[in-house]
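In case you want the letters, here they are:
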Amino acid sequence: VKAQFGLSDPMVIALVNDSSTGIFNPQSLRLVQWLSDEIRQLHNVDPDKVVSLATQNNITGTAEGMQVEPFFDPLPSNQLQAEALRRSVNDFPLYLGSMVADSGQATLIVAELIDDQLAAETFQQIEEIILRAEKSPGDSLHLAGEGAVSGFLGEYIDRDAVRLNPLAGLIITLIVCF
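Residues numbered from 1 in each chain as written. Predicted model: local features only at pLDDT ≥ 70, side-chain atom pairs only at ≥ 80, totals over all residues. Heavy atoms only, no water.

Asks: Just to check I follow, could you spell out the pattern of salt bridges for this structure?
Replies: Pairs may arise between side chains of opposite charge once their charged atoms sit close together. If you walk through the whole model with that rule in mind, you get three salt bridges. Between Arg86 and Glu83 there is a salt bridge, and its shortest N-O distance comes to 3.3 Å. Linking Arg86 with Glu83, this pair stays in helix α3 (residues 79-90), spanning three residues, or about one helical turn. Judged by relative accessible area, Arg86 falls into the buried class, the value being 16%. (Salt bridge = Lys/Arg side-chain N within 4 Å of Asp/Glu carboxyl O. Helix = DSSP H or I, 4+ residues; strand = E, 2+ residues; numbered from the N terminus. Buried < 20%, exposed > 50% of the residue type's maximum accessible area, 1.4 Å probe, protein only.)

See the structure below:
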């Protein structure tokens with residue numbers, strides 16, 4: 001798949017907000033923008049392949065044809081603008097159920113890695129970004145995706161190997177001596 005289509009295992013950050021407005025409030029939307037900007041700056045993330053509401057365009061039909069403009073143009077600064085963004089997303093069914101939950105309670109930020117061998121390092125960097133994130137009440141962040149799983153497993157396998165290899169050597173030596 002990587003050779004044919006240029007796809008790799010992505011890291012996926014989910015922003016969930018269980019409040020009545022869901023993610024469609026100025027603070028949560030500002031967090032989506034901030035996370036997207038921070039993740040685009042990581043050296044192992046392809047900045048052109050970071051997908052979120054902050055990076056995607058809204059396409060609407062007009063009398064002249066089509067109008068294409070970013071969803072965050074401008075970034076909503078009040079609840080009325082956030083509700084207008086909700087209506088725009090709801091009118092664009094391609095994103096419902098994929099980038100934004102049908103309920104409006106969650107959204108995704110998807111980041112494709114440049115080098116899958118550096119997934120563990122990128123996983124740690126994204127975890128640090130998540131820890132620094134200023135969340136509003138009701139916001140929670142979750143890191144997932146195949147890239148995150150391989151990064152997570154790589155990190156813990158290396159840590160376990162450092163602990164278990166000397167122990168295995170000691171046990172083998174004791175068995176040989178016995």
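What follows continues from the structure just given.
Asks: What is the right way to read the pairing of strand β3 (residues 57-61) from this model?
Replies: Along a regular strand, successive side chains alternate from one face of the sheet to the other. Pairing of β3 with strand β4 (residues 66-70), which is carried by five bridges, proceeds in the antiparallel orientation. Looking across to β4, one finds that Ile59 is bridged to Val68. Hairpin geometry of β3 and β4 is characterised by an intervening segment of four residues between the two adjacent antiparallel strands and by a positive phi of about 150° at Gly65. (Pairing = 2+ DSSP bridges.)

Asks: Is there a simple way to think about the sheet that holds strand β5 (residues 106-113) in this case?
Replies: Adjacent strands of a sheet form backbone hydrogen bonds with each other and so pair up, either parallel or antiparallel. Strand order across the open sheet formed by four strands is β2-β5-β1-β6, with antiparallel pairing between neighbours. At either margin of the open sheet sits one strand with a lone partner, and together these are β2 (45-51) and β6 (139-144). On average, adjacent strands in this sheet sit at an angle of 20° to one another, irrespective of strand direction. The sheet contact formed by strand β1 (residues 10-17) and β5 spans seven bridges and is antiparallel. Each bridged residue has a counterpart across the sheet, and for Val12 the counterpart in β5 is Val110. The sheet strands contacting helix α4 (residues 119-132) are β1, β2, β5 and β6, and the helix crosses β1 at an angle near 20°. (Axes fitted to C-alpha atoms, helices over the stretch in contact; angles between N-to-C directions. Contact = heavy atoms within 4.5 Å.)

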